[in-house]
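Listed here are the chains, written in short residue letters.
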Amino acid sequence: MNKFNVAIVGATGMVGRKMLEVLKERNFAINNLYAFATSKSAGAKLKYDNQEIVVEELTENSFDRGIDIALFSAGGSTSKKFAPIAASKG
């Protein structure tokens, strides 16, 4: 089974946390999970599958690491800015 490198943009918000919950409920095949949010939330820790995921600040370089799937639940202006950057990285 293939496993994927997954990024959640807006991971600390209500929708981002729900995305994490659904990924776990569905036993989605994750190799690496990245949680991105604003600088205000950077450093926070989220639980996923008995692991702690450290939230990273979303920057233009956040997608320079072989991410297969990026899920966006950030505000409209953030998604509008960063979704094309994520797409340009493959």
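(A) Inspection of unusual backbone geometry at higher detail. Of note in this structure, asparagine 27 is not a glycine but carries a positive phi near 50°. Counting through the fold element by element, asparagine 27 comes out in the loop between α1 (14-25) and β2 (30-37). Non-glycine residue aspartate 49 carries a positive phi angle of around 50°. With respect to the helices, strands and loops of the structure, aspartate 49 is situated in the loop between β3 (45-48) and β4 (51-57).

(B) View of the nonpolar core. Counting 14 residues, the largest nonpolar core has Ile8, Leu33 and Tyr48 as its most contacted members. Mapped onto this core, the elements with two or more residues apiece are β1 (4-9), α1, β2, β3 and β4. What isoleucine 8 contacts, discounting residues up to four positions off in sequence, is Gly16, Met19, Leu20, Leu23, Leu33, Tyr34, Ala35, Phe36 and Leu71. By size, the runner-up hydrophobic cluster in this structure holds ten residues, among which are Val9, Leu58, Phe82 and Ile85.

What counts as what
- Residues numbered from 1 in each chain as written.
- Predicted model: local features only at pLDDT ≥ 70, side-chain atom pairs only at ≥ 80, totals over all residues.
- Heavy atoms only, no water.
- Helix = DSSP H or I, 4+ residues; strand = E, 2+ residues; numbered from the N terminus.
- Core = buried A, V, L, I, M, F, W, Y, C linked by side-chain atoms within 4.5 Å.
- Buried < 20%, exposed > 50% of the residue type's maximum accessible area, 1.4 Å probe, protein only.
- Contact = heavy atoms within 4.5 Å.

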